[in-house]
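# Fold and geometry: a report
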Amino acid sequence: MSVPLSGERSPIAQHVAIIMDGNGRWAKRQGLPRAEGHRRGVLALKDIVKAAKPRQIKYLTVYAFSTENWRRPQAEIDVLMDLLVEFLDSEIAELRSQGVRLSAIGHLEELPERCQQKLAEGMAATRQGHDLSLTLALNYGSRREIVDAARQLAEAAQRGEIQPAEISDALFSAHLSTKDLPDPDLIIRPSGEWRLSNFLLWQAAYAEIYSTEVLWPDFDAAQLDLALAAFARRERRYGAVSSRDGGS
Ligand code: FPP
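Residues numbered from 1 in each chain as written. Predicted model: local features only at pLDDT ≥ 70, side-chain atom pairs only at ≥ 80, totals over all residues. Heavy atoms only, no water.

Here we come to the site of the ligand. Taken together, 19 residues lie near the ligand, and Met20, Gly24, Arg25, Arg34 and Arg72 sit nearest. With respect to the ligand, the backbone of Asn23 contributes an N or O atom lying 3.2 Å from an oxygen atom. Between the ligand and Gly24 there is a distance of 3.0 Å, counted from an oxygen atom to a backbone nitrogen or oxygen. Alone, the ligand offers 620 Å² of accessible surface; in the complex the protein occludes 91% of this. For the shell around the ligand, the elements supplying multiple residues, two or more each, are helix H1 (23-30), helix H2 (34-52) and helix H3 (74-97). (Near = heavy atom within 4 Å. Polar contact = N/O pair within 3.5 Å; in protein donor to acceptor, adjacent residues only side chain to side chain. Areas by Shrake-Rupley, 256 points an atom, 1.4 Å probe, with all protein chains shown as cover. Helix = DSSP H or I, 4+ residues; strand = E, 2+ residues; numbered from the N terminus.)

Here's what the structure looks like:
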């Protein structure tokens, strides 16, 4: 989506994106199997979804499985896929009653059939939700998404449907899987890392990044409040001069 003018700063983060990191470390610290860390990660996700609307968050996008996560042991991949199915089975009615609209980005067609099925059901059941848009990034990788968009545009140009000179920020954004979402205002990464790890690279151009040492299973509404307070204190200049230094 387009870049706001400097000065149009809102202290409210309407789109929050989260890299749900640290499940494995959390489990290790507790002497539990990694699967238990992921299970606790799902509980944290449920809490943050509930906490979003009262904090005026309109879009919540979470990195649940990356294109690189296929490199994990098959048993761990199976746990993550089972948790996704369980989450969808147990939460859809609740999400619906909370006014959540569920969607997903990533190459969903490569997920196990049972996940695709539940996702399709969940998205259909919640499509009337207007209070919060919850997007699960599943088998998602930003570079692949950007390459997909470039290929689609090249093919459209080859067919003569567009001229290369017509390719703009906006047209490119419209070919990304996030075309229906505004760019994230705030990207939260628990567990003390400062990497984007192939998450929303294009969309994060002007996002504020917040990192905390807290591991994802321990990330709760109070942690979200700390992240939102840090966001509210930041000045977003979008490449312009600070208003404090005489800019508009
Ligand atoms: C990173 O922690 C987390 C993941 C790869 C998966 C995130 C998934 C969940 C929170 C649960 C499943 C989600 C849904 C929607 C059901 P890590 O395992 O890499 O942690 P580590 O870096 O400490 O090892």
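The structure having been displayed, the exposition proceeds.
For strand S1 (residues 15-19), the buried fraction is high: five of the five residues fall into the buried class. Across the two faces of S1 the burial is the same, with His15, Ala17 and Ile19 and Val16 and Ile18 all buried. Alignment of S1 against strand S2 (residues 59-66), held across five bridges, turns out to be parallel. Bridging across to S2, Ala17 finds its partner in Thr61. (Buried < 20%, exposed > 50% of the residue type's maximum accessible area, 1.4 Å probe, protein only. Pairing = 2+ DSSP bridges.)

Here the focus is the pattern of salt bridges. Tallied over the full model, the rule gives 16 salt bridges. With a shortest N-O distance of 2.7 Å, Glu161 and Arg159 are connected by a salt bridge. Each member of the pair, Glu161 as well as Arg159, is classed as exposed. Within the structure, one salt-bridge network assembled from shared partners comprises Asp21, Arg25, Arg189, Glu193 and Arg195. (Salt bridge = Lys/Arg side-chain N within 4 Å of Asp/Glu carboxyl O.)

With 46 residues, the main nonpolar core has Val16, Ile18, Leu60, Leu138, Leu186 and Ile188 as its most contacted residues. Ranked by the residues each element gives to this core, the list is headed by H3, at ten residues. With sequence-adjacent residues up to four places away left out, Val16 is seen in contact with Ile57, Tyr59, Leu60, Thr61, Leu186, Ile188 and Leu228. Listed in part, the eleven residues of the second largest apolar core include Tyr140, Ile187, Leu200 and Ala207. (Core = buried A, V, L, I, M, F, W, Y, C linked by side-chain atoms within 4.5 Å. Contact = heavy atoms within 4.5 Å.)

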